[in-house]
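The primary structure of each chain is shown beneath.
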Amino acid sequence: MAYSTRMAAALSGATTGQLRSWRQDRGNGPILCPELAAKPALYSFRDVLALRAFAILRQDVSLQKIRKALATLKRFGEFEHLSSYSLVAEGDSIVLAGHNNDDHATDLVKHPGQRVIATMEDILREFAPRAGVVVPHLLRPKQHVSVDPETQGGQPVITGTRVPFDAVAELVEDGIPPEEIADYYPGVTAEAARDAVSFALYVDSYSPGPRAA
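Residues numbered from 1 in each chain as written. Predicted model: local features only at pLDDT ≥ 70, side-chain atom pairs only at ≥ 80, totals over all residues. Heavy atoms only, no water.

S.K.: Which parts of the structure should I look at to understand the overall build of the protein?
M.R.: On a plain count of helices and strands, the protein comes out with 6 helices and 8 strands. Each helix and strand of the protein, placed in order from N terminus to C terminus, yields the pattern α-α-α-α-β-β-β-β-β-β-β-β-α-α. Per-residue burial over the protein gives 47% buried out of 213 residues. Considering only contacts in the protein between residues 6 or more positions apart, those separated by 24 or more positions represent 52%. Accessible surface, the protein: about 10600 Å² in total, of which carbon and sulfur atoms supply 50%. (Helix = DSSP H or I, 4+ residues; strand = E, 2+ residues; numbered from the N terminus. Buried < 20%, exposed > 50% of the residue type's maximum accessible area, 1.4 Å probe, protein only. Contact = heavy atoms within 4.5 Å. Areas by Shrake-Rupley, 256 points an atom, 1.4 Å probe, with all protein chains shown as cover.)

Written out as structure tokens, the structure reads:
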């Protein structure tokens, strides 16, 4: 299962314009190309983790510094998927934190290679990448909606089940009361059905945003 550009944007906090921009080669290679397909763009769960980290970083540092940090990683011989690295904004720099079971962090921008002490940022948490937008917790976007890469290919499901959230939301939108969803999907409560609808509205209304940097 793969994430469309809209779903990848809604789960990561990036705008669709940023996703397009980050796929482009600006001389030093793209920031992140979709792992699964380029046209149309289809993102993996690992891609979403990396995109989420970039969206968090963009709150504090410039895109130029992110590109420099990625170039430094390559210079250090690090070529794993970007979701394998914890990149953290530290002042006006970016550090690689807690890699290879190392409690320290390594500066990638201001003083490349210098070891520093940094607080690990949790890229899974809820955060606000820009005014008017709050991106939910990645693994639990709603109390009754979960994202697990081992369940339904990482597509959001009703917590504790394998039922896709959008299948439940579509039933409610077609007129089935939340209290009767269990007749179609046993174990899906009315509260879970309402959460599915709420999350579907969030994804459908997710603003593409004006900024493509």
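Continuing now.
S.K.: Would you mind going over the environment of Leu-11 with me for this structure?
M.R.: Tracing the chain through its elements places Leu-11 in helix α1 (residues 5-12). Distance from Leu-11 to Val-147, taken between C-alpha atoms, is 9.7 Å for residues 136 residues apart in sequence. Residues within four places of Leu-11 in sequence aside, it is in contact with Tyr-3, Val-48, Arg-52, Val-135, Leu-138 and Phe-199.

S.K.: How do you make sense of the pattern of salt bridges when you look at a structure like this?
M.R.: Oppositely charged side chains can form a pair if their charged atoms are brought close together. The tally for this structure, following the rule as stated, stands at 2 salt bridges. The shortest N-O distance in the salt bridge between Glu-35 and Arg-46 comes to 2.3 Å. Here Glu-35, found in the loop between α2 (16-23) and α3 (45-57), pairs with Arg-46, found in helix α3; they are 11 residues apart in sequence, far enough to count as distant. The exposure class of Arg-46 is partly exposed, given its relative accessible area of 38%. Arg-194 is the salt-bridge partner of Glu-179, the closest N and O atoms lying 2.4 Å from each other. (Salt bridge = Lys/Arg side-chain N within 4 Å of Asp/Glu carboxyl O.)

S.K.: For this particular structure, what's the right way to read the confidence of the model for the protein?
M.R.: Atomic detail in the predicted coordinates should be set aside for any region of low pLDDT. Per-residue pLDDT for the protein has a mean of 84; in total, 87% of the residues score no lower than 70. Low pLDDT, under 50, characterises residues 115-121; the predicted model gives this stretch 18 contacts beyond four residues in sequence or across chains. (pLDDT = per-residue confidence, 0-100.)

S.K.: For this particular structure, what's the right way to read the side chain of Thr-151?
M.R.: With respect to the helices, strands and loops of the structure, Thr-151 is situated in the loop between β7 (145-146) and β8 (157-158). Look at Thr-151 and you get buried, because its relative accessible area is 14%. Sequence-distant contacts of Thr-151, that is, excluding residues within four places in its chain, are made with Val-157, Thr-161 and Arg-162.

S.K.: Whenever I open this one, the environment of Ala-182 confuses me. Can you help?
M.R.: Along the chain, Ala-182 falls in the loop between α5 (165-173) and α6 (190-205). C-alpha separation for the pair Ala-182 and Ala-193, spaced 11 residues apart in sequence, amounts to 9.1 Å.

S.K.: When you look at the pairing of strand β1 (residues 86-90) in this model, what are you seeing that I'm missing?
M.R.: In summary, the side chains of a regular strand alternate between the two faces of the sheet. Judged from the 5 bridges that link them, β1 and strand β2 (residues 93-97) form a sheet pairing that is antiparallel. Looking at β2, one finds that Leu-87 is bridged to Leu-96. Two successive antiparallel strands, β1 and β2, enclose a turn made up of 2 residues, where Gly-91 displays a positive phi of approximately 65°. (Pairing = 2+ DSSP bridges.)

S.K.: Just to check I follow, could you spell out the packing of aromatic side chains for this structure?
M.R.: The geometry of an aromatic ring pair is captured by two quantities: the separation of the ring centres and the angle between the planes. For the structure on display, the rule yields 4 aromatic pairs. Centre to centre, the rings of Trp-22 and Phe-54 are 5.8 Å apart; their planes meet at 90°, and the pair counts as edge-to-face. Here Phe-54 lies in helix α3 and Trp-22 lies in helix α2, a separation of 32 residues in the sequence. Across the pair, exposure class does not vary: Trp-22 and Phe-54 are buried alike. Ring geometry for Phe-199 against Tyr-202: centres 5.9 Å apart, planes inclined by 25°, an arrangement best described as stacked. One end of the pair, Phe-199, and the other, Tyr-202, are both in helix α6, 3 residues apart, so they sit about a helical turn from each other. With a relative accessible area of 1%, Phe-199 lands in the buried category. Here the aromatic cluster, defined as three or more aromatic residues joined through ring pairs, consists of Phe-165, Phe-199, Tyr-202 and Tyr-206. (Phe/Tyr/Trp six-rings, centres within 6.5 Å; stacked < 30°, edge-to-face > 60°.)

S.K.: Explanation requested: the packing of α1 against α6 in the structure shown.
M.R.: Pairs of packed helices are described in terms of their axes, by the angle between the two and the distance that separates them. Taken N-terminus to C-terminus, the directions of α1 and α6 make an angle of 110°; their axes are 9 Å apart at the nearest point. In terms of orientation, α1 lies roughly perpendicular with respect to α6. Facing Arg-6, Met-7, Ala-10 and Leu-11 of α1, the residues of α6 in contact are Phe-199, Tyr-202, Val-203 and Asp-204. Its residues assigned to classes, the contact of α1 with α6 comprises 6 nonpolar, no polar and 2 charged. (Axes fitted to C-alpha atoms, helices over the stretch in contact; angles between N-to-C directions. Parallel < 35°, antiparallel > 145°, perpendicular 65-115°, else oblique. Nonpolar A, V, L, I, M, F, W, Y, C, P; charged D, E, K, R; others polar.)

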